[in-house]
Amino acid sequence: VQLQASGGGLVQAGGSLRLSCAASGSISIISSISEMRWYRQAPGKERELVARITPGGITNYADSVKGRFTISRDNAKNTVYLQMNTLKPEDTAVYYCFALRDVLRNYWGQGTQVTVSS
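Residues numbered from 1 in each chain as written. Predicted model: local features only at pLDDT ≥ 70, side-chain atom pairs only at ≥ 80, totals over all residues. Heavy atoms only, no water.

**Q** Teacher, can you tell me more about the overall build of the protein here?
**A** Of the regular secondary structure elements, the protein holds one helix and 11 strands. Helices and strands in the protein line up, N terminus first, as β-β-β-α-β-β-β-β-β-β-β-β. Its C-alpha atoms give the protein a radius of gyration of 14 Å, near enough to 13 Å, the size a compact globule of 118 residues would have. When the backbone C-alpha atoms are referred to their principal axes, the protein occupies close to 45 × 25 × 20 Å. (Helix = DSSP H or I, 4+ residues; strand = E, 2+ residues; numbered from the N terminus. Rg over C-alpha atoms; globule rule 2.2 N^0.38 Å.)

**Q** Explanation requested: the state of the cysteines in the structure shown.
**A** Linking two cysteines covalently via their sulfur atoms produces the bond known as a disulfide. The tally for this structure, following the rule as stated, stands at one disulfide. Each sulfur in the disulfide pair Cys21 and Cys97 lies 2.1 Å from the other. Taking the torsion about the sulfur-sulfur bond, which here is approximately 60°, the covalent link between Cys21 and Cys97 counts as right-handed. With Cys21 in strand β3 (residues 17-24) and Cys97 in strand β9 (residues 93-100), this residue pair connects regions lying 76 residues apart in the sequence. The same class applies to Cys21 as to Cys97, namely buried. (Disulfide = S-S within 2.5 Å. Buried < 20%, exposed > 50% of the residue type's maximum accessible area, 1.4 Å probe, protein only.)

Structure below.
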C-alpha cells in the first residue's frame, strides 16, 4: 500500500489548507485498514499525532488543533483529508498520513510541508 500526501504549502496565519492522502495498491489490504491518522513533525520536535479517524467515522484530535482541524475520509476514493482552518505559525511542520492495519502492520506517507507565516 502506498500513501500519497498532498496539499501542503505556505499560508499566512489565519488561513486554511486542506491536506489529502490517497491510498493505492492492494485492494484487500486497503479494505483491511482500521484507522487513518495525520501526524506532524516540526523542526527539532518529536512527531505528534494530530488527528485520527476510524472506518466508521469516529474522530479524535490533539488538543492543540481541536476546533480548527477536521479529519474526514472518502472510502470510495480511499482518501483521507485534513481540513486546517485558522492556521497558526506553530502549526508549521511536515504532515504525514498514516494507515493502521493492525499492531504489526502500518504504512506511512511521504509527508507534505505546511508553513504558516505570521
